[in-house]
Amino acid sequence: MATYWTLQEEVVWNEAVKIGYLEGKQEYAMYPAEYIWMMAQMKQRLENYNDKYPIWLWIKKPDMRSASHFKSYTRCVRLTIDLEEENVLVSDFEDWHSVLNNGFNADNEQEYDDFYEGKLKITKEESWERIFELERIQDPLWSGVRDWLQGVTGRIDINKVKKVEHFISRKQVEF
């Protein structure tokens, strides 16, 4: 058993309380095609996965003061959850952005250049699977410090929720 956190809009949490579980839904998928890819990975890697849209989890407790999680002034909750580790697919948060940006997930600048010059046999999609290789060696000058891990799971029964913290998201910075 391990502890995870998820940030949800309060309306999503209220619905979960009514039905007895929290489950991802297609209408909440911020990146529909990428979520479908992650669901295929979950099906392949998690024995008890139920083919539902993923619920995003954090391995470290997320800071509710961050302005990047929700639209300005959204009523939200941070849930502390205990789950069996075999029901959570953990990946590198930074590397996940290669999937989101439809780009090659390179370990260093030379590999990046080689891929885009057609010198590698690995496909872009195969490189995405590296997000699950949490111990792989990457050039820190290329990839930076890697200390944010995320997880996904298919369903969370309400009895797995150990703490509920309500908050209102901060104002978003507009560019």
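Being a predicted model, the structure only gives us computed values, none of them experimental. (Residues numbered from 1 in each chain as written. Predicted model: local features only at pLDDT ≥ 70, side-chain atom pairs only at ≥ 80, totals over all residues. Heavy atoms only, no water.)

**A closer look at the pattern of salt bridges**
Spelled out, the test is: By definition, a salt bridge exists where a carboxyl oxygen of Asp or Glu is found within 4 Å of a side-chain nitrogen of Lys or Arg. Secondary structure elements follow DSSP: runs of H or I of four or more residues count as helices, runs of E of two or more count as strands, with numbering from the N terminus.
Applying the stated criterion across every chain, the model contains 10 salt bridges. Across the salt bridge formed by R75 and E10, the nearest N and O atoms sit 3.1 Å from each other. Taken as a pair, R75 in strand 4 (residues 75-83) and E10 in helix 1 (residues 10-19) lie far apart in primary sequence, 65 residues in all. Note that K43 is salt-bridged to D51, the shortest N-O span being 3.2 Å.

**Overview of the nonpolar core**
For clarity, the threshold we go by: The nonpolar core is taken to be a set of buried Ala, Val, Leu, Ile, Met, Phe, Trp, Tyr and Cys residues, with the residues joined through side-chain atoms within 4.5 Å. A simple rule labels every residue: compare its accessible area, found with a 1.4 Å probe on the protein chains alone, to the largest value its type can have, and call it buried under 20%, exposed over 50%, or partly exposed in between. Contacts between residues were defined by any pair of non-hydrogen atoms, one from each residue, lying within 4.5 Å.
Formed by 18 residues in total, the largest nonpolar core has its most connected members in W37, M38, M42, L89 and W96. Counting residues per element, the ones that place at least two in this core are helix 2 (32-45) and helix 3 (93-100). The leading source of residues in this core is helix 2, at 5 residues. When near neighbours in sequence (up to four residues on either side) are disregarded, M42 contacts Y49, P54, L89, V152, T153 and G154.

**Examining helix 1**
Counted only if it meets this: To be clear, the arc concerns the directions from the helix axis to the C-beta atoms.
Of the residues making up helix 1, those classed as buried are E10, V12, W13 and A16. Seen along its axis, helix 1 keeps its buried residues to an arc of 155°; they face one direction. Every exposed residue of helix 1 that faces more than 90 degrees away from the buried side is listed here: V11 and K18. Elements in contact with the buried residues of helix 1: strand 1 (2-9), strand 2 (21-23), strand 4 and strand 8 (161-168). Positioned one or two residues after helix 1, G20 has a phi angle of 95°, which is positive.

**Some thoughts on the side chain of Q150**
The cut-off we apply is this: The term polar contact refers here to a pair of N or O atoms within 3.5 Å; inside protein, the definition further demands a hydrogen-donor-capable atom paired with an acceptor-capable atom, and it admits residues adjacent in sequence only when both atoms are side-chain atoms.
With respect to the secondary-structure elements, Q150 resides in strand 6 (residues 149-153). Looking at Q150, its side chain comes within polar contact range of the side chain of W56, at 2.7 Å. Those residues within four positions of Q150 in sequence are excluded, and the remaining contacts are W56, L57, W58, I59, L89, V90, S91, D92, F93 and W96.

**Remarks on the environment of T123**
Within the secondary structure, T123 is located in the loop between helix 4 (109-116) and helix 5 (124-128). Look at T123 and you get partly exposed, because its relative accessible area is 35%. Sequence separation between T123 and F104 is 19 residues; the distance between their C-alpha atoms is 8.0 Å. Setting aside anything within four residues of it in sequence, one finds T123 in contact with F104 and F115.

**So, the packing of aromatic side chains**
Aromatic ring pairs are reported here in terms of the distance separating the ring centres and the angle at which the planes meet. This is how it is decided: Pairing of aromatic rings covers Phe, Tyr and Trp, the last through its six-membered ring, and needs centres within 6.5 Å; plane angles under 30 degrees mean stacked, over 60 mean edge-to-face, and all others mean tilted. Charge-over-ring contacts are defined here by two conditions on Lys NZ or Arg CZ: a distance within 6 Å of the ring centre and an angle within 35 degrees of the ring normal.
Per the counting criterion, the structure on display carries 11 aromatic pairs. Judged by centre distance (4.8 Å) and plane angle (55°), the ring pair of Y112 and Y116 falls under tilted. Residue Y112 and its partner Y116 are located together in helix 4, separated by 4 residues, close to a single helical turn. Aromatic ring contacts, followed pair by pair, group Y35, W37, W56, W96, W128 and F132 into a single cluster. The ring of W148 is capped by K60, whose NZ or CZ atom sits 5.0 Å from the centre of that ring.

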